[in-house]
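Residue-level listing of the chains:
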Amino acid sequence: MSAVRVCTTKAAQIDTVLEQLRQHVLNLRNKGTLVKDTSAYKKQLLAENERLKKEVEDLKQQLIDVETMNGRKQFMPQPKKETCNSAPSKPVVTPVAAPPVAPASSAKAEKKKAAKKQQAKPAQQPKGAANPPADVSRLDMRVGFIRSAKLHPDADGLYLEEIDCGESAPRQVISGLVKHIPIEQMQQRPCVILCNLKPAKMRGIMSHAMVMCASTPEKVEILCPPSGAKPGDKVTVEGFSGTPDQQLNPKKKVFEAIQPDFLVSPEGNALYKGVEWKINGECVTAPSMRGCGIK
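Presented here is an overview of the structure given in this document. (Residues numbered from 1 in each chain as written. Predicted model: local features only at pLDDT ≥ 70, side-chain atom pairs only at ≥ 80, totals over all residues. Heavy atoms only, no water.)

This part takes up the overall build of the protein chain. Across its full length, the protein chain carries five helices and 15 strands. A total of 295 residues make up the protein chain; the buried ones form 27% of that total. Taking all contacts inside the protein chain whose residues are at least 6 apart in sequence as the whole, residues at least 24 apart take part in 66%. Taken as a whole, the protein chain presents about 21000 Å² of accessible surface, with 55% of it coming from carbon and sulfur. (Helix = DSSP H or I, 4+ residues; strand = E, 2+ residues; numbered from the N terminus. Buried < 20%, exposed > 50% of the residue type's maximum accessible area, 1.4 Å probe, protein only. Contact = heavy atoms within 4.5 Å. Areas by Shrake-Rupley, 256 points an atom, 1.4 Å probe, with all protein chains shown as cover.)

What follows is the structure, encoded as structure tokens:
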């Protein structure tokens, strides 16, 4: 421990001497007595600096010896060896492998696949065709003929009907008309039906169309096609000449957008936006109801 104290004392002495030298130089500058020829004084300072360096190195070595005696390991940095004639190191360049070249046969196969995919894609329709306006021309309404009707086996308020729509086989249709129309009046009678609704299951039985009726909360009547109309004849509305959807998408609510514009006129004719429904040039009518909606 005495060596440590000696090191500390010497270091303090060195700091004192250096401070005295700095003060001496400053005093000389302030007084203007610093001589022009300072070579002798510089030599004196350099000698003093060398002496102090030597003392510092001796003190360091004493401190190392003391710590070694006390069991503390010393880690001395190894000076880097530099070679004067050594050439600057060149950057290491890692060769990059070239991408594998697909054989000609696989390239041809890829082209064939791409051509098949292109052929499989359906032709894009113009915006007007893909999103036609929601008007009555999108509804496939036809003349139907109710061959028979009976009560739904699992629902007291529903009729299960067999309706001829002018197709190869009659359609099975379910209607909630039990409270409004006696079953006797549901037999062997013409009607107007909406044919392109998406088929829906009603109490376990599929329904493939809808009977169009003049309707209020209190009363419902089946619309009547003109005399002479036969099953499958189309309903038309002048000014709306589009093509009916093959099947209405229930998510797009097309029928729900069109139906509010259906009305029975004071004369009893079925109207869409004030224009009469016609079959073969003659009007579709309600038997007795006037000024009501159509569903």
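The subject of this paragraph is the sheet that holds strand β2 (residues 155-164). Pairing is antiparallel in the open sheet, where five strands are placed in the order β3-β2-β1-β4-β7. Whereas interior strands pair on both sides, the edge strands pair on one side only; in this sheet they are β3 (171-175) and β7 (210-211). Strand direction decides the pairing type here: strand β4 (residues 189-194) and β7, joined by two bridges, are antiparallel. In the sheet register, I193 faces β7, and the bridge partner there is V211. (Pairing = 2+ DSSP bridges.)

What follows deals with the pattern of salt bridges. With the rule as written, the count across this model stands at 12 salt bridges. With a closest N to O distance of 3.0 Å, R142 and E167 form a salt bridge. With R142 in strand β1 (residues 141-152) and E167 in the loop between β2 and β3, this pair connects stretches of sequence that are 25 residues apart. According to the relative accessible area criterion, E167 is partly exposed, its value standing at 33%. Ionic pairing is found between K230 and D233, a salt bridge with its closest N-O pair at 3.5 Å. (Salt bridge = Lys/Arg side-chain N within 4 Å of Asp/Glu carboxyl O.)

The next point concerns the packing of aromatic side chains. A full pass over the atoms with the stated rule returns four aromatic pairs. Consider the rings of F240 and Y272, whose centres lie 5.0 Å apart with planes at 75°: the pair is edge-to-face. Of this pair, F240 sits in the loop between β10 (236-237) and α5 (254-258) while Y272 sits in strand β12 (residues 270-272), placing them 32 residues apart in sequence. Accessibility expressed as a relative area gives 0% for Y272, which makes it buried. For the ring pair F262 and W277, a centre distance of 4.9 Å and an interplane angle of 75° mean the geometry is edge-to-face. Placement of F262 in strand β11 (residues 262-264) and of W277 in strand β13 (residues 275-279) is noted, with a sequence separation of 15 residues between them. In this structure, F262 and W277 share a single accessibility class: buried. (Phe/Tyr/Trp six-rings, centres within 6.5 Å; stacked < 30°, edge-to-face > 60°.)

Positionally, D233 belongs in the loop between β9 (220-222) and β10. For D233, the side chain forms a polar contact with the side chain of N280, separated by 3.1 Å. Ignoring anything within four residues of it in the chain, the contact list for D233 reads M141, R142, V143, I279 and N280. (Polar contact = N/O pair within 3.5 Å; in protein donor to acceptor, adjacent residues only side chain to side chain.)

Right, let's get into the nonpolar core. Grouped together as the largest cluster of nonpolar side chains are 26 residues, with contacts concentrated most on L139, M141, V192, M212, L223, F262 and W277. For this core, the secondary-structure elements that each account for two or more residues are β1, β4, α5, β11, β12 and β13. Counting residues per element, this core draws most heavily on α5, at three residues. With residues near it in sequence (within four places) discarded, V192 still touches M141, R142, M210, V211, M212, L223, P225, V235, W277, I279 and V284. Counting 17 residues, the second largest nonpolar core, distinct from the first, contains M186, C195, A209 and I222. (Core = buried A, V, L, I, M, F, W, Y, C linked by side-chain atoms within 4.5 Å.)

Across the sheet, three strands lie side by side as β9-β8-β15; this open sheet has antiparallel pairing. The sheet is open, and its two edges are formed by β9 and β15 (293-294), each paired on a single side. Where strand β8 (residues 213-215) and β9 come together, three bridges link them in antiparallel fashion. Paired with S215 across the two strands is V220, which belongs to β9.

Of note, Q259 is situated in the loop between α5 and β11. Ignoring anything within four residues of it in the chain, the contact list for Q259 reads I294 and K295.

Let's shift gears to the pairing of β2. Across the 10 residues that make up β2, a large majority, seven, are buried. Direction of pairing for β1 relative to β2: antiparallel, over a ladder of seven bridges. What sits directly across from F145, in β2, is D164. Strand direction decides the pairing type here: β2 and β3, joined by five bridges, are antiparallel.

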